[in-house]
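Chain by chain, the residues run as shown.
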Amino acid sequence: MSTASSTASRPKIAIILLNGAPRLHDNPLWLLRSPRRLGIPTATHALPLFCLDPRRYDLEMMYTGKEGADGPKTRWFGFPKCGKWRSKFIIESVQDIRTSLKSLGSDLCLVPGRIETVVPQLVESCRSNHPTGADVVGVWISKEISSEELVVERKLAQNLSALFPSVPLFAEWTSTVFPSEFTFSHSNAWPASSAVNPVSNLFGGSTFLQLPDVFNQFRKLVESRAGEPPEPYQRPASVPPLPDWLTLEGIGPENKGIGKPGHDDVSKFGHIPSSLLEVPTHESSAFPFRGGESSALGRLNHYISSGLITTYKQTRNGLLGEAFSTKFSPWLADGSLSARKIWHQVRQHENTHLESEGSAWILFELLWREFFKFHAVKYGDGIFRIGGVHAGTYKETFAKAWKRSVKSGWDMFSVVNADSRWALPNNEAFKSWADGRTGIPWVDAGMRELKETGFLSNRSRQNVASFFLQSVPTISSSQSANGQVAPNWLPAAELFESLLIDHDPHSNYGNWQYLAGVGTDPRGWRKFNMMKQAAEYDARAEWVSTWVTELAGIKKSLEERGGTTEQFHKPWTVNGGRAVDEVGYPRPIAVEREWSHVRFPEVKLGERRSALVANSPSLRQDESSLEERPRDGFGRARSARSNQKRRVDAPWNGGR
Ligand SMILES: Cc1cc2nc3c(=O)[nH]c(=O)nc-3n(C[C@H](O)[C@H](O)[C@H](O)COP(=O)(O)OP(=O)(O)OC[C@H]3O[C@@H](n4cnc5c(N)ncnc54)[C@H](O)[C@@H]3O)c2cc1C
């Protein structure tokens, strides 16, 4: 047999890294595309892969359920980088995609280890362990945006080209509704010229430099120029067989799970750690769902078919239960749900039913997500800068010495460094806020819910952030030697990064910069009145009493005495403060003068809902039946735009 024919008959393997998009639906990775000049690679085998990268996940926690001392930490303040709830969610996602792949006769290769190390090791294993030798025709990955991930991507490209120059790396854009200029890119040659209708082109240039910095301008451009996004990619009907001669022996330095007992399924392609899967979800969690594509698509279908989609605009500021908002964010964040798929299904619903304000509003909110993603493409690490995208780096803003002196965990502020140019934020106040012990139930309920479930409604995120930034300046301000005060939102954003089940760097840091007045908000700082918000969104104090449970006795005695929800939201006023002292709930760390001007609805605690609705404008609106808007002569797009315009022009009641 000639060498040429033996090469032709050798197995050809495609490695598909699913870390950025662990899903079958709307996933271009399954197409195994390549630039035309490289020809179409024909793969006889495919190796779907997920790496549990120890820089991103606490493997100790994943495998044992206990936080590891050496687990990865957030950049400046040393919080665990990926908390328990997100870790659990990721494992569920991995478990789900493995099950789906198995139903297609394939499997998921799960390897703990650094991506740029593991992938070349797998290439070697694929090639050398086959009796007649095998070729790897390429490695396909999701295109990343932010620096931590980009570093990994570049190292992978470098390692592959150094060790296996014939194995190309292909990056596909998988994270937004609209395509970007990175829609398809190859190896180090990013951005590629073969982009299809990229968003960047909408702004009059071929790069993101022209992307507007203000959301409203971005939205108008997308609406007027982008047209409808492309259809989602088809779910693959089949996946090429696995290279079953592959062995994982010795692959990945952090290869803790392989070959060890105590994992839920035994597979030669890597065992799924099961400890966290047994951790029960909090009974009051607003996100009682499992990770993974199957539950994501189930939720999407349910949200649309049950009609929740039509009432979204009325319910989206809710706080309790799973129905008030879509809850798509955790699946969007880990890539198991495609934003374009949501967009498409919402449009399909609008085509078969009448368009509702709710459906238009969901698309509007998805555009916020798009905006923060493209904003991050434009400004890179600027989204992590304390002074905003145009300011100096954190290192430049704060003394380098601070970083060296910062300890991990809650003690981080207790190290006062004499060399520091900036006074350190108030440790005690930060701890009170983070632990949900500020003495203001409306704030504490949010921080406790976040910690105990990993999820928090948008309404509460806005409020706890505003309180952090504006009501207790000693928490968030850092004072320079010349007396200049900067809102130090970074520790809070890093805490969110640690705890959120749906953490997405672009939305998290983008929203924090926005609220801190150093981001994309043309109006600058927005201040929420905590009591106005409590009166409006928790008029029956149901949400607060769900999470601040030590106030149950105070609630009961107020109910018996005909007390009001206003008193419950201000428990420090009950019995001159003795009531909170008795139950060990703290006195408030701050009380703003404007809180006393808020008129709460005249609601007695425990009062029936009908009486309450009559007294509360916000609840009246929530309970009103939503009229579906008939299609008008201007068609759907015009109608959706007019809804959105109304929202943007309306007074924002202290923020989004
Ligand atoms: C301080 C702060 C931090 C945040 N951190 C994150 C984060 O790490 N990850 C994250 O996905 N969202 C973040 N958000 C945005 C928003 O709070 C969540 O997307 C939303 O609460 C998720 O719930 P949902 O899916 O039910 O949202 P819905 O109200 O149902 O909205 C539908 C989708 O629209 C998008 N969306 C809605 N609001 C926003 C927004 N303000 N910014 C960007 N996208 C939005 C999300 O993808 C969401 O899933 C943050 C907001 C604030 C104020």
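Here the structure is a predicted model, which means the values were calculated and not measured.

Asks: Looking at this model, I keep getting lost on the environment of L211. Mind explaining?
Replies: Structurally, the position occupied by L211 is in the loop between β6 (184-186) and α6 (215-226). By relative accessible area, L211 is classed as buried at 1%.

Asks: Sorry, what's going on with the pairing of strand β1 (residues 12-17) here?
Replies: The side chains of a regular strand alternate, residue by residue, between the two faces of the sheet. The element β1 is largely enclosed, with a buried count of 6 among its 6 residues. Both faces of β1 are covered, namely the face carrying K12, A14 and I16 and the face carrying I13, I15 and L17. Examined bridge by bridge, β1 and strand β2 (residues 45-52) share 5 bridges and lie parallel to one another. Across the sheet, residue I15 finds its bridge partner in β2, namely L47.

Asks: Mind showing me how you'd approach the pairing of strand β5 (residues 169-172) here?
Replies: The side-chain alternation of β5 yields two buried faces, one formed by L169 and A171 and the other by F170 and E172. Following the backbone out of strand β4 (residues 135-142), through helix α5 (residues 147-163) and into the adjacent parallel β5, one traces a crossover that is right-handed.

Asks: How should I be thinking about the site of the ligand in this particular structure?
Replies: Residues in contact with the ligand amount to 27 residues; listed here are only the nearest, Y312, S325, T326, K327 and N458. One of the side-chain N or O atoms of N458 is found 2.8 Å from an oxygen atom in the ligand. Contact between the ligand and R461: an oxygen atom at 3.5 Å from a side-chain N or O atom of the residue. A total of 820 Å² of accessible area belongs to the ligand in isolation, and the protein chains cover 98% of it. When contributions to the shell around the ligand are tallied by element, the ones reaching two or more residues are α9 (329-334), α11 (357-379), α16 (458-471) and α19 (505-516).

Asks: What should I look at first to understand the nonpolar core in this one?
Replies: Counting residues in hydrophobic clusters, the biggest one holds 107 residues, and the most contacted among them are W433, F467, W489 and W512. With 13 residues, the single largest contributor to this core is α11. In this structure, L47, V152, A157 and A171 belong to the second largest nonpolar core, which totals 32 residues.

Asks: Is there a simple way to explain the pattern of salt bridges in this structure?
Replies: Opposite charge on two side chains permits them to pair, given that their charged atoms come into close proximity. This model, assessed by the stated rule, comprises 31 salt bridges. R56 is the salt-bridge partner of E149, the closest N and O atoms lying 2.6 Å from each other. Here E149, found in helix α5, pairs with R56, found in the loop between β2 and α2 (59-64); they are 93 residues apart in sequence, far enough to count as distant. The class for E149 is buried, based on a relative accessible area of 15%.

The rules behind the values
- Residues numbered from 1 in each chain as written.
- Predicted model: local features only at pLDDT ≥ 70, side-chain atom pairs only at ≥ 80, totals over all residues.
- Heavy atoms only, no water.
- Helix = DSSP H or I, 4+ residues; strand = E, 2+ residues; numbered from the N terminus.
- Buried < 20%, exposed > 50% of the residue type's maximum accessible area, 1.4 Å probe, protein only.
- Pairing = 2+ DSSP bridges.
- Right-handed = clockwise from strand over helix to strand, strands pointing away.
- Near = heavy atom within 4 Å.
- Polar contact = N/O pair within 3.5 Å; in protein donor to acceptor, adjacent residues only side chain to side chain.
- Areas by Shrake-Rupley, 256 points an atom, 1.4 Å probe, with all protein chains shown as cover.
- Core = buried A, V, L, I, M, F, W, Y, C linked by side-chain atoms within 4.5 Å.
- Salt bridge = Lys/Arg side-chain N within 4 Å of Asp/Glu carboxyl O.

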